[in-house]
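Structure assessment
These are the residues of each chain, in order.
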There are 2 protein chains.
Amino acid sequence: MFESAEIGHAVDKKTYKREEPLLREALLAAQYALLRQARTAVVVLVNGTPGAGKGETVNLFNEWMDPRHIRTEAFGAAGSDGRPDMWRFWQVLPPKGHIGILFGSWYVDPLTDAVTGLDTRDRFAHRLERIRQFERMLVAEGVVLVKLWFHLSKKAAKARFKRLESDPKTAWRVTTSEWDHLKHHDAWVLASEEALRRTGTGEAPWRVIEGADPAYRALTAGQLLLDALNTSLRAPPPVAPAAHPAAPPSPVLDEGSLLATQDYRRHIGRKRYDDQLEVLQGRLNGLSRRLAEQHRSLVLVFEGMDAAGKGSTIRRITQALDARHYRVVPVAAPNENERAQPYLWRFWRYIPHHGHVTVFDRSWYGRVLVERVEGYCSEADWMRAYGEINAFEEQLVEAGAVVVKFWLAITPEEQLRRFDERKNTAHKQYKITEDDWRNRAKWPLYAQAVGNMIDRSSTQVAPWHLVASDDKLWSRVEVLRTLCERLEAALG
Amino acid sequence: MFESAEIGHAVDKKTYKREEPLLREALLAAQYALLRQARTAVVVLVNGTPGAGKGETVNLFNEWMDPRHIRTEAFGAAGSDGRPDMWRFWQVLPPKGHIGILFGSWYVDPLTDAVTGLDTRDRFAHRLERIRQFERMLVAEGVVLVKLWFHLSKKAAKARFKRLESDPKTAWRVTTSEWDHLKHHDAWVLASEEALRRTGTGEAPWRVIEGADPAYRALTAGQLLLDALNTSLRAPPPVAPAAHPAAPPSPVLDEGSLLATQDYRRHIGRKRYDDQLEVLQGRLNGLSRRLAEQHRSLVLVFEGMDAAGKGSTIRRITQALDARHYRVVPVAAPNENERAQPYLWRFWRYIPHHGHVTVFDRSWYGRVLVERVEGYCSEADWMRAYGEINAFEEQLVEAGAVVVKFWLAITPEEQLRRFDERKNTAHKQYKITEDDWRNRAKWPLYAQAVGNMIDRSSTQVAPWHLVASDDKLWSRVEVLRTLCERLEAALG
């Protein structure tokens, strides 16, 4: 895979002087077209052997183009603040129209752990497959991935380090880490090749560049970026990702569903409610204090039809928590910044670190509920979302989060009663809008979407809890009790 | 994931009597439309808990539709004849227009190995990811995958086994294996859920069916198959698999390439050639006899421009082999049967078992050479092929094959000399056609395709060997020597 990056590719000075200004001009023009079109984001991954010119190339890209619309980020080994490994990369994804240069990127940790023997071969393969899925999702969301791998043969790397060391002006570029790397060159090449092999796909292929000659390296990297920009500018609007899309889920034959099997008559009296609430809130408070010491965090998801009682239930939970340790994220339609990113981006931002709690009042499940029902995304988009969401939650759990998801289930009759109450109560009128009535008219479509959602995303990793909520008091107690039980099971 | 398949879905007799003939008629009509259109193949995977009605459903499908165009295959645990695990599934893929029902399928072994603890969690995840890629490739090649999972709760399974046992007419259906399975029900559910979670994609989702009520189960399975058939009949012609396809590889800037760096002046005299050939053929014969005892096989790939000497080199190899143990597969344009299958299908057929040798005279690399250059497949098709081919070869190697790939490299001048010789020699004229001259005119396009092919598919698992072949004698000796060295390295 690296053979043809070891044959001594080179470009003479004259050629470089002739080509560089042309390339630069073309890159700048393409960058501005990208910005105007604002349809795709471009993510450039800069990886490869030490000494192969990665840093120099990143500098050149910033010189050649308008750096105000380029975001360059360098990544070393991950620290551990309790967020999933991918969290820091999500934070720096460029919005549509912009270019992000990731120096290091999500390949560094898996490669390091493979070379040092920290990961088994199967573990390494598994992490690479996860990257593959992540990149596939990015591409499906309109991100153009340019994966550059700068390569030097062992001999060329050694020669370069010696040359740099011999000149006082450049000696600082060579540290013990470079020489260390050289000692394990063969192991790195072996692992790198496996990474490139497993993650080089049709939609996001790797481009290997021989790093020995600066002129060849610079022009080649620039040309590859230009090709990617131009291809993305020409690309047709998003199309179905599969040659033969699967049939969407069909309605259940006997109309039986988990929602229909809930017992909506459950209720509790005010007195017992007050007593139990107090006990449960105390229990929850104690549990929440143990999150930090056990390096765990809590992600709470509340979903339900309009007027199901999400807000008031969440308040009963947060009353039991230390205000410094939780955050409630209300989720409405995405704003302009959020629409310029993959749909999961706005949720990744609020992933708690260890000891903290994030409560999502509606969530990423909007993709397979409102966006599906209202046609805000394509059928292919929401059909692939189940798998993407499961992979997302799996990452949260692996990083130590307890993920607890509630569907507050009410009957259409109870919803109508609450709507009418809101309409007729002055201080509640702000809570009811035309949208609520429109959504209500689509109840059967939403109910089907909820059924599919639970079938596809209620997992051992992150199960759904359906709570019959026609009686608000009973529902709140049930939610608190379930939450305490889940935390007790997780915290041991 | 299985929650809503444990709520007691059922359909009454009256409904069944009304719906069954309608469904049956619609299925038959769809089956014939599929056959007429002959654009997609349908593969139905039937998996799930024992006792959940898998066998009954398969029988019904065959009753409802025309069984002449359905191929039903049942799979137990894999034997080991030295071919990759997936080999037996490739053998039974239905051609376009037909339906294949796989009872068991590629999920059984990974699930069994996970539940029995033979595989680690990472190994299980890795195998599931491989299945995911395999299924993705099938879909991209025009196969419609219908993945049915029949589920019974532990309680329902127990009840069903007891009921079957109590009736002498059905007692045979329950063996110790069913009761054994029940003992480990929870472990099976856990592993199954992970399998469904990791392999349920937008283009090939799982459909979970509660298996307790025969009428509900039958109608639901039939309806799901009908939906899939109808969706595939309506589907638009294949489109690019990615929202934003990557830019194809661009020409190399300094025109440097591995092909250009070969030393084409290498040659050897007839006398030395004769001596070395004899020695090498003896060495190869000895090595080939050790394949069987070491449970290894040999896959040889020969590629090269027209008149590069593939045929005559292959003959020098087969002269050294026992005729009972090798097969030469000449690869030309695919025939009608082969065009009705994914492009790798015709090569899977000839994968050798342990102790055997298959020599491919041209190969699956046609996908990224002639099919790319001549436009026989789309850009998206050949761009995804590199990854698919690497995954294919990885499977061969893991099953014990030594994969040795040769590119016989000649210069355009030498090709012209050989073409002229063929033209002017009566007994060689059959070897030269108009096609050869047409291909020659596209030399630079082929050279670029060869460069990309080697960059993307020369791996530690299955490296390419470039052999300068302007001198046929030198080339043959070099091929034989390389082959012997690879075999010695592999056989220890």
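Residues numbered from 1 in each chain as written. Chains lettered and ligands numbered in written order. Predicted model: local features only at pLDDT ≥ 70, side-chain atom pairs only at ≥ 80, totals over all residues. Heavy atoms only, no water.

**Structural notes on the overall build of chain A**
Counting secondary structure elements, chain A contains 20 helices and 10 strands. If you line up chain A on its principal axes, its C-alpha atoms span 85 × 45 × 40 Å. Looking at the 492 residues of chain A, the share that counts as buried comes to 58%. Long-range pairs, those at least 24 residues apart, make up 81% of the contacts in chain A with a sequence separation of at least 6. Per element, the accessible surface of chain A, about 20800 Å² overall, is 52% carbon and sulfur. If you average the places of the 70 positive and of the 64 negative side-chain charges in chain A, the two averages end up 2 Å apart. (Helix = DSSP H or I, 4+ residues; strand = E, 2+ residues; numbered from the N terminus. Buried < 20%, exposed > 50% of the residue type's maximum accessible area, 1.4 Å probe, protein only. Contact = heavy atoms within 4.5 Å. Areas by Shrake-Rupley, 256 points an atom, 1.4 Å probe, with all protein chains shown as cover. Lys, Arg positive; Asp, Glu negative; His and termini not counted. Charge placed at Lys NZ, Arg CZ, Asp CG, Glu CD.)

**A look at the pairing of strand 3 (residues 99-103) of chain A**
Residues and elements named next belong to chain A. Where burial is concerned, most of strand 3 is hidden: four out of the five residues are buried. Summarising the sheet, strand 1 (residues 41-48) and strand 3 pair through five bridges and their orientation is parallel. Bridge pairing in strand 3 links Leu45 to Leu102. Strand direction decides the pairing type here: strand 2 (residues 70-74) and strand 3, joined by five bridges, are parallel. Each residue of the ladder has a partner; that of Ile70, found in strand 3, is Ile99. (Pairing = 2+ DSSP bridges.)

**Observations concerning the relation of the copies chain A and chain B**
Rotating chain A by 180 degrees and translating it 0.0 Å along the rotation axis places it on chain B, where the RMSD comes to 0.1 Å. When the rotation and shift are considered jointly, the pair of chain copies conforms to a two-fold rotation axis. Looking at the interface residues of chain A, 100% of them are also at the interface in chain B, so both copies use one shared face. (Least-squares fit on C-alpha atoms with pLDDT ≥ 70 in both.)

**Some thoughts on the interface of chain A and chain B**
Listed as interface residues are 73 residues of chain A and, on the opposing side, 73 residues of chain B. Around 6500 Å² of area is buried between chain A and chain B when both sides are counted, 54% of it from carbon and sulfur atoms. Counting across the chain A and chain B interface gives eight salt bridges. For Glu394(B), the salt bridge is made with Arg198(A), and the minimal N-O distance between the two is 3.0 Å. Our count for the chain A to chain B interface comes out at 29 residue pairs in polar contact (both at pLDDT 80 or more). Breaking the side of chain A that touches chain B down by element, the ones donating at least two residues are helix 5 (121-140), helix 8 (185-199), helix 9 (214-234), helix 10 (258-261), helix 16 (379-398) and helix 19 (443-457) of chain A. It is helix 5 of chain A that provides the largest number of residues to the side of chain A that touches chain B, a total of 10 residues. Classifying every residue of the side of chain A that touches chain B gives 33 nonpolar, 22 polar and 18 charged. (Buried area = accessible area lost by both parts, 1.4 Å probe. Salt bridge = Lys/Arg side-chain N within 4 Å of Asp/Glu carboxyl O. Polar contact = N/O pair within 3.5 Å; in protein donor to acceptor, adjacent residues only side chain to side chain. Nonpolar A, V, L, I, M, F, W, Y, C, P; charged D, E, K, R; others polar.)

**Examining the confidence of the model for chain A**
Residues at a pLDDT of 70 or more form 97% of chain A, whose mean pLDDT is 91. Low confidence marks residues 238-242 of chain A, where pLDDT is under 50. Its contacts with residues over four positions away, or in another chain, come to 11 contacts. (pLDDT = per-residue confidence, 0-100.)

**Structural notes on the sheet that holds strand 7 (residues 326-330) of chain B**
Strand pairing in a sheet is mediated by backbone hydrogen bonds. Such pairs are either parallel or antiparallel. Residue and element names in this part refer to chain B. The strand order across the open sheet built from five strands is 7-8-6-9-10, with neighbouring strands paired in parallel fashion. Since the sheet does not close on itself, it has two edges, and those belong to strand 7 and strand 10 (464-468), each with one partner. Averaged over all pairs of adjacent strands, the angle between strand axes in this sheet comes to 20 degrees, irrespective of strand direction. Looking at chain direction, strand 6 (residues 297-304) and strand 8 (residues 357-361) are connected through five bridges and run parallel. Opposite Leu300, over in strand 8, you have Val359 as the bridge partner. In the packing of helix 16 (residues 379-398) onto the sheet, the strands contacted are strand 6 and strand 9 (401-409), and the crossing angle to strand 9 comes to about 135 degrees. Each of strand 6, strand 9 and strand 10 is contacted by helix 20 (residues 472-491), which is oriented at about 160 degrees to strand 9, the strand it contacts most. (Axes fitted to C-alpha atoms, helices over the stretch in contact; angles between N-to-C directions.)

**So, the environment of Ser457(A)**
All names here are of chain A. Topologically, Ser457 is positioned in helix 19. Distance in space between the C-alpha atoms of Ser457 and Tyr386 is 6.5 Å, their sequence separation being 71 residues. Not counting residues up to four positions away in its chain, the partners in contact with Ser457 are Tyr365, Asn390, Glu393, Lys405, Ala462 and Trp464.

**Focus: the pattern of salt bridges**
Tallied over the full model, the rule gives 85 salt bridges over all chains. A salt bridge links Arg68(A) to Asp66(A); the shortest N-O distance between them is 2.5 Å. As a salt-bridge pair, Arg197(A) and Glu394(B) come within 2.4 Å of each other at their nearest N and O atoms. Placement of the pair is Arg197(A) in helix 8 and Glu394(B) in helix 16, with the two residues belonging to separate chains. Glu394(B) matches Arg197(A) in its accessibility class, with the two residues each being buried. A single network of salt bridges, built from pairs that share partners, joins Arg121(A), Glu193(A), Glu194(A), Arg197(A), Arg198(A), Arg130(B), Glu394(B) and Glu398(B).

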